[in-house]
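# What the coordinates show
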Amino acid sequence: MTAYETVIGLEIHVELATKSKIFCSCSTTFGADVNTQGCPVCLGLPGALPVINEKVVEFAAKAGLATNCRVANYCKMDRKNYFYPDLPKAYQISQYDLPICEDGWLDIEADGTGKRVGIIRIHMEEDAGKLTHNDKTGHSYFDVNRCGVPLLEIVTQPHMNSAAEAKAMLENIKEIMETIGVSDCKMEEGSLRCDVNLSVRPIGQEAFGTRTETKNLNSFRSVVNSISFEEKRQIRVLETGGKIIQETRRWDDELGVGYSMRSKENEQDYRYFPEPDLVPIVLPQEKIDALKESLPELPAIRRNRYKTVYGLSDADARQLVFVPAFANFLDEAIAAGATPKAAANFLMVGIPFLLKENNLTENQIPFSPAILAELIALIENNTISSSIGSQVLAELFSQKASPKEIIEAKGWSQVSDTGLISQAVAAAIAENPQSAADYKSGKGQALGFLVGQVMRATGGKANPKMVNEELKKRLS
Ligand SMILES: [Zn+2]
């Protein structure tokens, strides 16, 4: 049997976080009542004239600078002509031969191996409206609100060879776009979606196989699953003597299958021509240089700093940098005096859990980084144990008080009173003679059980270090 290699290129659509649309002043707020955010411009009514939103150009240039692209001093918008019911104008304003950014790259890491993935271009365009199909009534409904919402399309080179690499690339794009503040990248709201171009070829063959394009994947899971489905399908077709047809495909996430949607259009089908209602876009080099200067620390550099300066592991650094809201919080907590590792742990475990419990997003941690620093200090100076620390954290989600105030009000201060601890330890040994005997006969894990008994008896307030020492003293 022939061994095959998969070749993948991505087209990533990033919805920009501007307040208004790309060519009119309509709001871009997600989740507004249907058909409340439209005007003659985004509906393309005769005589309406588009004006480009300067913020879109700025965001596009920043996206290019953050992904090592060359940003053009001169570019233009073009008309891409096609009819679809979600596109009342019957054309989309996009960019054709002169995109704003070209020739970039990102370094990714997948399955422990690093790789540089090229970016062919980044261009600006407008989104179409939204269609909702109701199977029960057999009707389709159209919502204009999304017409004219600004998008970036990031087109990569076909440099990826596995689902893991495609996922890593998409993750890199997501964390960069969020970090530089051009998009919220909420995949569940469609602000980050991805088309996968995929072909297979026998290993050693230079020419690419025929590729298919799977459209509109809006979760990392569907990107990974659709790739593994499509590469298997193509190999099966070739192995049984068939031919791959160049086509556009859809992915059904629930069923876990891809299916053909239409044979792929060629560029000439769109009859691109320069958009006659918009002047070309001129970006002086000084403006581009100033935008580059204004970029915040990028994820790759931040990850490296977390490892070298904070001493975090590679996995921890990756997890934290992936959520810029958490990374920013971590930096501020550390600036306020928190120990890096302790603050990182709260941001990887306790805080995400409580945000979810309370239906809050990553940007809605209800207390300041300085408060987290204070909580960590109270644990480290043994005012409270770490298990009480978790309870204080939960309280911080439900009341506006400092950790100190919460501890006082609840009477949670750690007991470091030698007499009390000694009493509790004696009681635990008396109540669990078997465990005491086990420990004496060399079974070290019996100690952990006895510590647990003392902690429980003292409501989690005993100083665990002192409990440990006292137990060892009495059992030696
Ligand atoms: Zn409008």
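Before reading further, recall that the structure is shown in the block above.
Note that the structure is predicted; figures quoted are calculated from it, not measured.

Another point: the packing of aromatic side chains. Here the structure, examined in full by the defined rule, presents eight aromatic pairs. Taken together, a centroid distance of 5.9 Å and an interplanar angle of 70° make the contact between Y82 and Y270 edge-to-face. With Y82 in the loop between β4 (78-81) and β5 (91-94) and Y270 in the loop between β14 (257-263) and β15 (273-274), the pair connects residues that are 188 residues apart, well separated along the chain. For Y82, a relative accessible area of 28% puts it in the partly exposed group. On the basis of relative accessible area, Y270 is assigned to the buried category, the value being 14%. Every member of this aromatic cluster is reached through a ring pair, and the members are Y82, Y96, Y270 and Y272. Over the face of the ring belonging to Y91 we find R79, whose NZ or CZ atom lies 3.8 Å from the ring centre. Taking NZ or CZ as reference, R116 lies 3.5 Å from the ring centre of W105, over its face.

With that settled, the discussion passes to the coordination of the zinc ion. For the zinc ion, the full set of protein donor atoms is C24 (SG), C26 (SG), C39 (SG) and C42 (SG), and the range of their distances to it is 2.3 to 2.4 Å. Note that the zinc ion binds four donor atoms; their angles at the metal cover 103 to 113°, and the shape is tetrahedral. Site description for the zinc ion: donor spacing in sequence, C-x1-C-x12-C-x2-C. Of the two residues, C26 is situated in the loop between β1 (4-15) and α1 (40-43) and C42 in helix α1; the sequence distance between them amounts to 16 residues. Look at C26 and you get buried, because its relative accessible area is 10%. Taking relative accessible area as the criterion, C42 reaches 5% and is therefore assigned buried.

Another point: the sheet that holds β5. Strand order in the open sheet formed by three strands is β5-β4-β15, with antiparallel pairing between adjacent strands. Of all strands in the sheet, those bounded by a partner on one side alone are β5 and β15. As defined by bridge partners, β4 adjoins β15 across two bridges and the pair is classed as antiparallel. Bridge pairing in β15 links D78 to P274.

Bringing empty space enclosed by the protein into the picture now. The tally for this structure, following the rule as stated, stands at one cavity of 30 Å³ or more. Put simply, the largest cavity is a space of about 30 Å³. Contributing to the lining of the largest cavity are K21, F23, C24, V41, C42, K89, E126 and G148. Its residues assigned to classes, the lining of the largest cavity comprises four nonpolar, one polar and three charged.

Attention shifts here to the packing of helix α15 (residues 445-457) against helix α16 (residues 464-475). Orientation of α15 relative to α16, taken along the N-to-C sense of each, is 125°, at an axis distance of 10 Å. Taken together, the axis directions place α15 and α16 in an arrangement best described as oblique. Note that α15 runs across α16; the crossing there is right-handed. On α16, the residues that touch L447, L450, V451, V454 and M455 of α15 are P464, V467, N468, L471, K472 and L475.

Cut-off values and rules
- Residues numbered from 1 in each chain as written.
- Predicted model: local features only at pLDDT ≥ 70, side-chain atom pairs only at ≥ 80, totals over all residues.
- Heavy atoms only, no water.
- Phe/Tyr/Trp six-rings, centres within 6.5 Å; stacked < 30°, edge-to-face > 60°.
- Helix = DSSP H or I, 4+ residues; strand = E, 2+ residues; numbered from the N terminus.
- Buried < 20%, exposed > 50% of the residue type's maximum accessible area, 1.4 Å probe, protein only.
- Lys NZ or Arg CZ within 6 Å of the ring centre and 35° of its normal.
- Donors = N, O, S within 2.8 Å, 3.2 Å for Na, K, Ca; no water.
- Tetrahedral: all angles 85-135°; square planar, octahedral: opposite > 155°, others 65-115°.
- Pairing = 2+ DSSP bridges.
- 1 Å grid on protein atoms, 1.4 Å probe; cavity = no way out; pocket = protein on both sides within 12 Å on 5 of 7 lines; lining within 4 Å.
- Points joined across faces, edges and corners; volume = space filled by probe spheres on them.
- Nonpolar A, V, L, I, M, F, W, Y, C, P; charged D, E, K, R; others polar.
- Axes fitted to C-alpha atoms, helices over the stretch in contact; angles between N-to-C directions.
- Parallel < 35°, antiparallel > 145°, perpendicular 65-115°, else oblique.
- Left-handed = near helix turned anticlockwise from the far one by under 90°.
- Contact = heavy atoms within 4.5 Å.

Keep in mind these values describe shape, not function.
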